[in-house]
Amino acid sequence: MKSGEYTMKVNDNCVGCGQCTAFCKLDAIEVRGKANMTAACIDCKTCSAYCPVKAIEA
Ligand code: SF4
Ligand code: SF4
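Visitor: Could you give an account of the overall build of the protein, naming the residues involved and the relevant values?
Guide: Looking only at helices and strands, the protein has one helix and four strands in total. Beginning at the N terminus, the succession of helices and strands in the protein can be written as β-β-β-α-β. Expected size for 58 residues packed as a compact globule is a radius of gyration near 10 Å; at 10 Å, the protein falls within 12% of this value. Along the longest, intermediate and shortest principal axes, the C-alpha atoms of the protein span 30 × 15 × 15 Å. Relative to its full complement of 58 residues, the protein shows a buried share of 19%. Across the protein, the fraction of contacts at a sequence separation of at least 24, relative to all contacts at a separation of at least 6, is 54%.

What follows is the structure, given as structure tokens:
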């Protein structure tokens, strides 16, 4: 997969807590009120397992 073509989506459950950012090795999550993946995301799906409200979908 080429960079910048990630498919991870953050749904409306996101409360902007920022916890997911600690688990992304590529620092590919930006949180400004709500989490968003940057072009650095490689779809590894690691972060989705750690979101307490299951807001990150592959
Ligand atoms: S995606 Fe989940 S862990 Fe990340 S900021 Fe939103 S609610 Fe928090
Ligand atoms: S899927 Fe992987 S690379 Fe993308 S934001 Fe989540 S932990 Fe980071």
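Visitor: Describe the site of ligand 1, listing the residues and the values that go with them.
Guide: Close to ligand 1 lie 14 residues, the nearest being Cys 14, Cys 17, Cys 20, Ala 35 and Cys 51. Its residues assigned to classes, the shell around ligand 1 comprises 11 nonpolar, three polar and no charged.

Visitor: Hey, could you go over the site of ligand 2 for me, with residue numbers and the actual values?
Guide: Taken together, 15 residues lie around ligand 2, and Cys 24, Cys 41, Cys 44, Thr 46 and Cys 47 are the ones closest in. For the shell around ligand 2, the residue count by class is 12 nonpolar, one polar and two charged.

Visitor: Lay out the nonpolar core in plain terms, naming residues and giving numbers.
Guide: Judged by nonpolar contacts, Val 10, Cys 20, Ala 28, Ile 29, Ala 35, Met 37, Cys 41, Cys 47, Cys 51, Ala 55 and Ile 56 together constitute the single largest core of 11 residues. Apart from the residues within four sequence positions on either side, Val 10 is in contact with Lys 34, Ala 35, Asn 36, Ala 55 and Ile 56.

Visitor: Can you explain the environment of Phe 23? Please cite residues and give values.
Guide: Mapped onto the fold, Phe 23 is located in the loop between strand E1 (9-10) and strand E2 (29-31). On the basis of neighbour counts, which here come to 14 C-beta atoms within 10 Å, the residue Phe 23 falls in the partly exposed class. Remark: the alpha-carbon pair of Phe 23 and Cys 51, spanning 28 residues in sequence, is separated by 9.6 Å. Excluding its chain neighbours within four sequence positions, the residues that come into contact with Phe 23 are Thr 46, Cys 47 and Tyr 50.

Cut-off values and rules
- Residues numbered from 1 in each chain as written.
- Chains lettered and ligands numbered in written order.
- Predicted model: local features only at pLDDT ≥ 70, side-chain atom pairs only at ≥ 80, totals over all residues.
- Helix = DSSP H or I, 4+ residues; strand = E, 2+ residues; numbered from the N terminus.
- Rg over C-alpha atoms; globule rule 2.2 N^0.38 Å.
- Buried ≥ 20, exposed ≤ 12 C-beta atoms within 10 Å, placed from the backbone.
- Contact = placed C-beta atoms within 7 Å.
- Near = placed C-beta within 6 Å.
- Nonpolar A, V, L, I, M, F, W, Y, C, P; charged D, E, K, R; others polar.
- Core = buried A, V, L, I, M, F, W, Y, C linked by C-beta atoms within 7 Å.

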